Structures are given as C-alpha cells and as structure tokens.
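Single-letter residue listing:
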Amino acid sequence: MFPRILSLDEIQDDSLFLWGARQTGKSTLLKALFPKARYYDLLNANLFRSLSRNPSMMREQLMLLPRGSVVIIDEVQKVPDLLDEVHWLIQNRGLHFILCGSSARKLRRSGANLLGGRALSNTLYPLVSAEIDDFDIERALNYGTIPPHYLAKNPMRRLQAYIDDYIQQEIVAESVLRNLSAFTRFLEVSALSDTEIVNYTNIAAECGVSAKTVKENFSILEETLFGFMLPAYTRTIKRRLVQSPKFYYFDVGIPNYLLSRTPLIPDTADYGHAFEHLMVQELRAYLGYHHSRKQLSYWRTSSGIEVDCIIGNAEVAIEFKSSSAVRASQLKGLRAFSDEHPGVKCYVVSRETFPRLVNGIEIWPIRDFLAKLWLGDIITP
C-alpha cells in the first residue's frame, strides 16, 4: 500500500464524508487506518439489498456500540436513506461515521440528508509524487496515477476497463441519461478539450447534440468526480480577461487513453498537454489535502497572453514548459502577469537539469519543484 497523505485525524472529533473517484484507494486507506471500525460495504449485494429494504436495521445493529466508535459506510450514495439513520446515531449515540463514495450526485439529486454540516468533507485524489518512492514521472505522464494503473503491467487495458466500468456504474446503473452512445462520443471529444478553454458550441457540433446537453454532460463528469473545471482568474487591472473555464479529467491517464496518445514523445504537443495536466493534478491535490481556501485558476488575456496556474489572490503564478531548455520568449505570460501583480512569486516547471533564476522568475526541474511543493516551499496552504 502507498503511504497516503490524507490522514483523516478529524474523525476523533467529527464525522466525515470521504469522496474520490473509483479506484483512488478509498477503501484500502480506510481499512488500513481503521482496522477495528464497523464496516458496511454497499458493494456487497446481500447487504445492499438488506439495507435498501430496511435502512433502520443499521441503527439496530449499531445501538450497542460505545460512544465515539467509528463506523464506515462505503459507497454510501447507493442507499441515500441510510443518511437519516446516520444523522440520528450521530446526535443520539455519539458515533463517528466515515461516509465514503465516488459520487455525491445521487445524494444531492434525491434530496438525501447531507447531515447539515455535521460531517466534514474530504477528497482522496489519485496518487501524488510525495506518496510514491522513486516517482516515475514518465510513467505518471503516460498512464496517470490511479494506484492500480500506476503499478500495472498493462496500464492501457486497465484504463479501458476503468472507463467501461465508469460508464456502467455511474451512468447506466444510475440512469443518468438515455443516449449512451452520444455520451461515449462526448467523452472522446471532451478529451480534446482537456487542459483547454471549454467551448461548448464547438463540442456540441462535434458530438451532434445541443450546447445545453454538452453543459449537462460536463456537469455529470464533475458530479461523478470524473473531471473538473479550472476557473479563470478574473481580477482585472489593465487587460481584458478571458472568463471561460478550462477542463481537466481527474487523472491524466484518462485523456491519454481516450486520445490514444501513448507512448508520449518529449517535445511534442501531446507531451506538453500531459505535462501540464499532471502538474495541475498535483497542485489541486496539494491544496485539497491541506484544506486550503486558496483557489487554483488560470489567467488569459483577450489578446492571448496566458499563465497556466494562479494560486490564491495572485500569490503564485506558474507556467508549465515541458522543454529541456526554457527560452526567454516563453516567459512572456509571467512577465505580463507580474507587471499587474508586483508581489506575485513566479515559477516555471520544466525538464531542465538544474534550477535557475531569470529576472525574478524561478525555473525549476519538475522533480525539484514537486519536492518543494510538498514541503510547503511554493505556497503556504
């Protein structure tokens, strides 16, 4: 098992939701951290049927547990009515729950009891560099860092099975939509937009559906934790800014598979996209694991000047350049942003061999930058 950064120590005082895409290691982590906890796995067909018919049975089974006992319900979204029982047991018996799932969509849309702030929310992301000894950057760039895929001898076949399972379990089983073939086409077309500014009209034309349907499909990806939007930084001072978000699948291996772009070749556009994606993935996990309120965004002017990532209120600006030699012309975006925000710390993450400083902009090799990130030297959460 990989040593995960997420500790869930808050369970000593609170109940928790633990969200994360399929196979990110939620169940493995919970069993390792809480081996003595009462564990309900709703993927167990018999247990699922039993509690679906009679949710109050769980209350009866837990009434004799001592106060402060930890109870884990895995795949809680499969039986939303259990949350009423959980609510009662937290208030009246002092039990601490960890409610684990790969999607909050069904809970929200069914009007399920989300415990009114009585449970803190946590997310488990794919593996990050700080969790992997001898982190293999090229393997991560090509196949992503979902734990079974990072370790697999046949990662592309694992990715195919993973996407098929996602469609069956999150889309078909939950009756999210009827036109499955159109959604499958959307997954492929949206992969072309991975790391790019979203253009709903263009994607709709490619898929043969309406822009409204495309927006709904992106919402499905976000609600099922299969993708996320990176908002635009919109605090304008001098320049007119782009307002539309960028889109990323939750793990870089997903668009690589959908676009058949492995093996990645350095100094190509595909390699550059994957390089940016992996870095955004790491930054997002870093902020998430530290429960930071600082937003991750990107900056782009209407004239096309861009910075890949802005952290917080112009505290840090980062460009991702997958080349082994960063040219002065590639620093234009950072220079423009720092002109408007003089206090910003500017970084370039690259494949260069040694770090260097160019007119106040720090250029770091990717491995060194990741080490600094997880030591807290890039941004204070």
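Description of the structure in this document. (Residues numbered from 1 in each chain as written. Predicted model: local features only at pLDDT ≥ 70, side-chain atom pairs only at ≥ 80, totals over all residues. Heavy atoms only, no water.)

### Observations concerning the packing of aromatic side chains
Just so we agree on the cut-off: Only rings of Phe, Tyr and Trp enter the pairing, Trp through its six-membered ring, and a pair is recorded when the two centres are within 6.5 Å. The plane angle decides the type: under 30 degrees is stacked, over 60 is edge-to-face, the rest tilted. A run of H or I in DSSP counts as a helix once it spans at least four residues, and a run of E counts as a strand once it spans at least two, with each numbered from the N terminus. Exposure is judged per residue with a 1.4 Å probe applied to protein chains only, and the accessible area is read against the type maximum: over 50% gives exposed, under 20% gives buried, and values in between give partly exposed.
Summed over all chains, the structure comprises 19 aromatic pairs. Both rings, one in Tyr-125 and one in Tyr-289, keep their centres 5.2 Å apart while their planes meet at 75 degrees; by these two values the pair is edge-to-face. A residue pair is termed long-range when its members are at least 10 positions apart, and Tyr-125 in the loop between strand S5 (119–123) and helix H6 (137–143) and Tyr-289 in helix H13 (residues 269–289) qualify at 164 residues. The class for Tyr-125 is buried, based on a relative accessible area of 13%. For Tyr-289, a relative accessible area of 7% gives the class buried. Seen from their ring centres, Tyr-347 and Phe-369 are 5.9 Å apart, and the 70 degrees between their planes marks the pair as edge-to-face.

### With respect to the nonpolar core
For soluble globular proteins, nonpolar side chains are generally found buried alongside one another. Defined as follows: Nonpolar cores are built from buried Ala, Val, Leu, Ile, Met, Phe, Trp, Tyr and Cys residues. Side-chain atoms within 4.5 Å join them into one set.
One finds Phe-34, Ile-318 and Phe-320 to be the most contacted residues of the largest nonpolar core, which totals 58 residues. At eleven residues, the largest contribution of residues to this core is made by H13. Tyr-162, Tyr-166, Ile-254 and Leu-258 belong to the second largest nonpolar core, which has 28 residues in total.

### Observations concerning the sheet that holds strand S11 (residues 345–350)
Cut-off, in case you're wondering: DSSP-based pairing: two strands are paired if at least 2 bridges between them are found. All axes are obtained by fitting lines to C-alpha atoms, using only the stretch in contact for helices, and the reported angles, taken between N-to-C directions, cover 0 to 180 degrees. It only takes one pair of heavy atoms within 4.5 Å for two residues to be counted as in contact.
In spatial order, the strands read S8-S9-S10-S11-S13-S12; together these six strands make up an open sheet with mixed pairing. Two strands in the sheet have a free side with no partner beyond their single neighbour: strand S8 (296–300) and strand S12 (356–358). Taking the axes of each pair of neighbouring strands and ignoring which way they run, one obtains an average angle of 30 degrees across the sheet. Along the sheet, H13 makes contact with S8, strand S9 (306–311), strand S10 (316–320) and S11, crossing S10 at roughly 150 degrees. Taken strand by strand, helix H14 (residues 332–340) contacts S8, S9, S10, S11 and strand S13 (361–365), and its axis lies near 50 degrees from that of S9.

### Some remarks on the packing of helix H10 (residues 200–207) against helix H11 (residues 211–223)
Quick reminder of the rule: Oblique is the label for any angle not covered by the other classes, which are roughly parallel (under 35 degrees), roughly antiparallel (over 145) and roughly perpendicular (65 to 115). Under this grouping Gly is polar, as are all residues other than the nonpolar Ala, Val, Leu, Ile, Met, Phe, Trp, Tyr, Cys and Pro and the charged Asp, Glu, Lys and Arg.
The geometry of H10 relative to H11 is characterised by a closest axis approach of 8 Å and an angle of 100 degrees between their N-to-C directions. Classified by the interaxial angle, the pair formed by H10 and H11 is roughly perpendicular. Where H10 abuts H11, its residues Tyr-200, Ile-203 and Ala-204 lie against Ala-211, Val-214, Lys-215 and Phe-218. Its residues placed into classes, the contact of H10 with H11 shows six nonpolar, no polar and one charged.

### Remarks on the pattern of salt bridges
Using the following cut-off: Salt bridges are counted wherever a side-chain nitrogen of Lys or Arg sits within 4 Å of a carboxyl oxygen of Asp or Glu.
Applying the stated criterion across every chain yields a total of eleven salt bridges. Residue Arg-185 is joined to Glu-188 by a salt bridge in which the shortest nitrogen-to-oxygen separation is 3.8 Å. Of this pair, Arg-185 and Glu-188 both sit in helix H9 (residues 180–192), three residues apart, which is roughly one turn of the helix. On the basis of relative accessibility, which here comes to 34%, the residue Glu-188 falls in the partly exposed class. Look at the salt bridges and you will find they share partners, linking Lys-246, Glu-276, Arg-300 and Glu-306 into a network.

### Notes on the environment of Thr-224
Quick reminder of the rule: Nitrogen and oxygen atoms within 3.5 Å of one another constitute a polar contact, given that in protein one can donate a hydrogen and the other can accept it, and given that sequence-neighbouring residues count only through two side-chain atoms.
As for its placement among the helices and strands, Thr-224 is situated in the loop between H11 and strand S6 (227–230). C-alpha separation for the pair Thr-224 and Ile-171, spaced 53 residues apart in sequence, amounts to 9.1 Å. When residues no more than four places from it in sequence are discounted, the contact partners of Thr-224 are Ser-102, Ser-103, Arg-105, Tyr-166 and Glu-170. From its side chain, Thr-224 meets the backbone oxygen of Ile-220 in a polar contact 2.7 Å long.

### With respect to the sheet that holds strand S4 (residues 96–101)
Read from one edge of the open sheet, five strands run S2-S3-S4-S1-S5, paired in parallel fashion. In this open sheet, the two edge strands, each paired with only one partner strand, are strand S2 (38–41) and S5. Across the sheet, the mean angle separating the axes of adjacent strands is 15 degrees when strand polarity is ignored. By the bridge criterion, five bridges tie strand S1 (residues 15–19) to S5 in an arrangement that is parallel. For Phe-17, the partnering residue across the bridge sits in S5 and is Ser-121.

### Quick look at the environment of Phe-34
Residue placement: Phe-34 occurs in the loop between helix H1 (26–33) and S2. Residue Phe-34 is classed as buried on the basis of its relative accessible area, which comes to 15%. Each C-alpha atom, one on Phe-34 and one on Ala-371, is 29 Å from the other, the two residues being 337 residues apart in sequence. Ignoring any residue separated from it by four or fewer positions in sequence, one finds Phe-34 in contact with Leu-8, Ile-11, Val-70, Ile-72 and Ile-98.

### Details of the environment of Thr-145
Relative to the elements of secondary structure, Thr-145 occurs in the loop between H6 and helix H7 (147–151). Classification of Thr-145 by relative accessible area gives buried; the value is 0%. In this structure, the C-alpha to C-alpha distance between Thr-145 and Leu-127, residues 18 residues apart in sequence, is 5.1 Å. For Thr-145, the contacting residues outside a window of four places in its chain are Pro-126, Leu-127, Phe-135, Ala-140, Tyr-150, Asp-251 and Gln-281. Of note is the side chain of Thr-145, whose polar atom sits 2.8 Å from the backbone oxygen of Leu-127.

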